[in-house]
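Geometric and topological summary
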Amino acid sequence: MERRCPYAPPAEYDELRAENPVTQVELPTGRRAWALTRHEDVRAMLADPRFSSDRMSPQFPTLVDNTQLRSTFRPSLISMDPPEHGPARRAVVGEFTVRRMEALRPRIQEIVDQAIDDLLAAGEPADLVTHVSLPVPSLVICEQLGVPYADHDFFQQHSSKLLDRETAQEDRRDAVDQLTSYLGKLITEKEAAPTDDLLGRQIVKQREEGKVDHEALVSLAFLLLVAGHETTANMISLGTVALLEHPDQLALLLNDPGVTLNAVEELLRYFTIAELATTRVATEDVEIGGVLIRAGEGVIGLSNAANHDPAAYDRPDELDIARGARNHVAFGFGAHQCLGQNLARMELQIVFDTLFRRVPGLRIEKPIDELDYKRNSTVYGLHSLPVAWS
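Below you will find a few notes about this structure. (Residues numbered from 1 in each chain as written. Predicted model: local features only at pLDDT ≥ 70, side-chain atom pairs only at ≥ 80, totals over all residues. Heavy atoms only, no water.)

1. Regarding the overall build of the protein
The number of helices and strands found in the protein is 15 helices and 10 strands. For the protein, the C-alpha radius of gyration of 21 Å lies close to 21 Å, the compact-globule estimate for 390 residues. Projected onto the principal axes, the alpha-carbon positions of the protein cover approximately 60 × 60 × 40 Å. Only carbon and sulfur atoms are counted for the fraction: they give 50% of the accessible area of the protein, which is about 16,700 Å². Charged side chains of the protein number 40 positive and 60 negative; the gap between the two group centres comes to 4 Å. (Helix = DSSP H or I, 4+ residues; strand = E, 2+ residues; numbered from the N terminus. Rg over C-alpha atoms; globule rule 2.2 N^0.38 Å. Areas by Shrake-Rupley, 256 points an atom, 1.4 Å probe, with all protein chains shown as cover. Lys, Arg positive; Asp, Glu negative; His and termini not counted. Charge placed at Lys NZ, Arg CZ, Asp CG, Glu CD.)

Here you go:
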């Protein structure tokens, strides 16, 4: 189902929430799964250990056929269940603490300033996606992982294929093979001479514990590299559009930069760009919202519907940056809540504060309903965003 406008969830979500908040739906693969549309039900499901995150399970309710990938793709953090998930997450969570992110703030500010310099130097009209939205999170995650930024076109091209629901299965398999091969060679180099970056520090830590798990490191790098730039890039673009289209909200931000973090939370809730990351499969019979879900049945927590639930948010379809509601599920909830959420928040805060301060006359060069939206991607966003400023 498509969003009924560039911002709003599909109209069917409102109907389901009102009439059948826990209901079975048919997926593009022909399989059926339970869809949850209420905020409280989605959070309850995500906090319940009886729902599995194992995306390689034949019972997992995927939107695309991933049969070919199950035998070759090592599960990453987002696909792990206890007891493997806890230790694997604890091994890397220290890289994403608020304190470590604050230490990165000066460097992220430099990256954002340079990106805006490049945008202005490109002349009008310029593509915000090309000059700001993509390069900022790409360079940040590359530096954090120790991945050469010179190769960003390569991994952006292949990650886009993976996220596009219309990519043919053989092309999807090729994209996975290309990325894992690239990262495998990179990890091998770091194993020979560990570098002072996230992947290098993981190698040192594993070596101290007695064993370096090469495949696990490749899987971790794959997850962080793809998730670390695609999601934030799309939020930069969509957030810019929303603030420019709501000048009253932008004025609040410009008058008091202290509200930017609240604005970021509201924009995350408002768009919920990775709404199907909250998909699971039941391992036992579980009752959710008064409905019995049997073991082996798939469940899709429609987080975009949950984040627009009027029972959880007053006037949910309005953008209100004063709301600052941090109980949204745009980053998921429970044990699998997004590992990089502190980094994403900081990047968005710095970008919005800097962009609108340095380019006060920024405007979009097309009507918003004519922009090139990623309607077939598992991460909602924009392919391009033409802007001018004089």
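Moving on from the coordinates now.
2. What to know about the side chain of E95
Tracing the backbone shows E95 in the loop between helix 4 (85–93) and helix 5 (98–122). Taking the relative accessible area as the measure of exposure, E95 reaches 7% and is therefore buried. A distance of 2.8 Å separates the side chain of E95 from the side chain of R201, its partner in a polar contact. For E95, the residues in contact, after removing those within four places along its chain, are R100, M101, Q144, L198 and R201. (Buried < 20%, exposed > 50% of the residue type's maximum accessible area, 1.4 Å probe, protein only. Polar contact = N/O pair within 3.5 Å; in protein donor to acceptor, adjacent residues only side chain to side chain. Contact = heavy atoms within 4.5 Å.)

3. With respect to the environment of I368
In this fold, I368 is placed in the loop between strand 9 (363–364) and strand 10 (386–388). Owing to a relative accessible area of 18%, I368 belongs among the buried residues under this scheme. Taking the C-alpha atoms as reference points, I368 and A216, 152 residues apart in sequence, are found 42 Å from one another.

4. Things to note about the pairing of strand 5 (residues 279–282)
Along strand 5, one buried face is formed by T279 and V281 and the opposite face, lined by R280 and A282, is buried too. Two strands pair when backbone bridges link them, and strand 3 (residues 51–52) and strand 5 are joined in this way by two bridges, in the antiparallel orientation. In the sheet register, S52 faces strand 5, and the bridge partner there is V281. Both strand 5 and strand 8 (residues 298–301) contribute to a ladder of three bridges, which runs antiparallel. The partner of T279 across the bridge, within strand 8, is I300. (Pairing = 2+ DSSP bridges.)

5. Some points on the packing of helix 5 against helix 7 (residues 135–145)
Where helix 5 meets helix 7, the axes come as close as 10 Å, and the angle between the chain directions of the two elements is 140°. Judged on the interaxial angle alone, helix 7 and helix 5 are oblique. Here helix 5 runs over helix 7; the crossing is right-handed. Contacts between helix 5 and helix 7 involve M101, L104, R107, I108, I111, V112 and A115 on the former and, on the latter, V136, L139, V140, E143 and Q144. Here the contact of helix 5 with helix 7 is composed, by residue class, of nine nonpolar, one polar and two charged. (Axes fitted to C-alpha atoms, helices over the stretch in contact; angles between N-to-C directions. Parallel < 35°, antiparallel > 145°, perpendicular 65-115°, else oblique. Left-handed = near helix turned anticlockwise from the far one by under 90°. Nonpolar A, V, L, I, M, F, W, Y, C, P; charged D, E, K, R; others polar.)

6. Section: the packing of helix 11 (residues 214–245) against helix 13 (residues 260–271)
Between helix 11 and helix 13, the shortest axis-to-axis distance is 10 Å and the interhelical angle comes to 100°. Taken together, the axis directions place helix 11 and helix 13 in an arrangement best described as roughly perpendicular. Across from M235, L238, G239, A242 and L243 in helix 11, the residues of helix 13 making contact are L267, L268 and F271. For the contact of helix 11 with helix 13, the residue count by class is seven nonpolar, one polar and no charged.

7. Remarks on the packing of aromatic side chains
Tallying each qualifying case throughout the model produces four aromatic pairs. Their ring planes at 75° and their centres at 5.3 Å tell us that Y270 and F271 sit as a pair that is edge-to-face. For the residue pair Y270 and F271, the accessibility class agrees, reading buried in each case. With a centroid separation of 6.0 Å and 5° between ring planes, the pair formed by Y373 and Y380 is classed as stacked. Across the pair, Y380 and Y373 agree in class, each one buried. A cation over a ring is seen here: R43 above F333, with NZ or CZ 3.9 Å from the ring centre. Here the guanidinium or amino end of R269 rests over the ring plane of Y313, the centre of that ring lying 5.1 Å away. (Phe/Tyr/Trp six-rings, centres within 6.5 Å; stacked < 30°, edge-to-face > 60°. Lys NZ or Arg CZ within 6 Å of the ring centre and 35° of its normal.)

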